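For reference, the chains in residue letters:
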Amino acid sequence: MRKLLYWTATLATLGSAFAGFVTLRTFIAPATQPGLFSCVGLKVLGTSPCPFGLGLFALLAGYSWYLVAATLNQNRLLVLRLIATAGLAFSGWIAWRELALPALTLGPRYWETFQLAHVPACVWGFLVFLATFILTLCLRTQPTVER
C-alpha cells in the first residue's frame, strides 16, 4: 500500500508543478488561445481557475507526503480521499465548462475544429486529479494484529 501512497504523492506533486507553471504563466504572459500551458476562458471569482487548482494540488501533495511518513489510519485516509474528491469535483466542473459544454452546444461543428493541442490546461489537470482520486480509492489501511 505504501507504493500506492508514493504514487499518489508523486502525481499530486507533479500536478502542483504543472498548475504552478500554468498559474505563473497566466500572470506573467497571459495566452489568447487555449492549450496545454494556458488557461483561457472561464473565470472563477474574477481569475483563472489555475490558482485554485494549484491550491488543491498543493494541499493534496502536502497531505500525501505527510501520510508517507505517518501511520495511515481510516481517518487520515478519509481526509486524503476528501481532498482528492474536492480536486476532482472542481477540475471536473471546469473541464465540463471548457470542453464538454461547448461540444454539446455546437455539436458537429465543434468536432470539425477540435484540436488536441487546444485542450485547456484545466482538462489535463482534471486527468491528473482523476488518477490521484483512483489511487486514493485503492489505498487501504493495514489491519492491526493483536498479540
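### Structural notes on the overall build of the protein
Inference 1: The helix and strand inventory of the protein stands at five helices and zero strands.
Inference 2: In sequence order, the protein lays out its α and β elements as α-α-α-α-α.
Inference 3: Long-range pairs, those at least 24 residues apart, make up 75% of the contacts in the protein between residues at least 6 apart in sequence.
Inference 4: As displayed, the protein offers around 8600 Å² of accessible surface, 70% of which is attributable to carbon and sulfur atoms.

### Side note on helix α1 (residues 2–28)
Inference 1: Compared with an ideal rise of 1.5 Å per residue, which puts 27 residues at 39 Å, α1 spans 38 Å between its outermost C-alpha atoms and is within 8% of the ideal.
Inference 2: On its buried face, α1 is in contact with α2 (50–69), α3 (74–106) and α5 (121–138).

### Quick word on the side chain of Thr8
Inference 1: Within the secondary structure, Thr8 is located in helix α1.
Inference 2: Only 2.8 Å separates the side chain of Thr8 from the backbone oxygen of Leu4, close enough to count as a polar contact.

About the cut-offs
Residues numbered from 1 in each chain as written. Predicted model: local features only at pLDDT ≥ 70, side-chain atom pairs only at ≥ 80, totals over all residues. Heavy atoms only, no water. Helix = DSSP H or I, 4+ residues; strand = E, 2+ residues; numbered from the N terminus. Contact = heavy atoms within 4.5 Å. Areas by Shrake-Rupley, 256 points an atom, 1.4 Å probe, with all protein chains shown as cover. Expected span 1.5 Å × (residues − 1). Polar contact = N/O pair within 3.5 Å; in protein donor to acceptor, adjacent residues only side chain to side chain.

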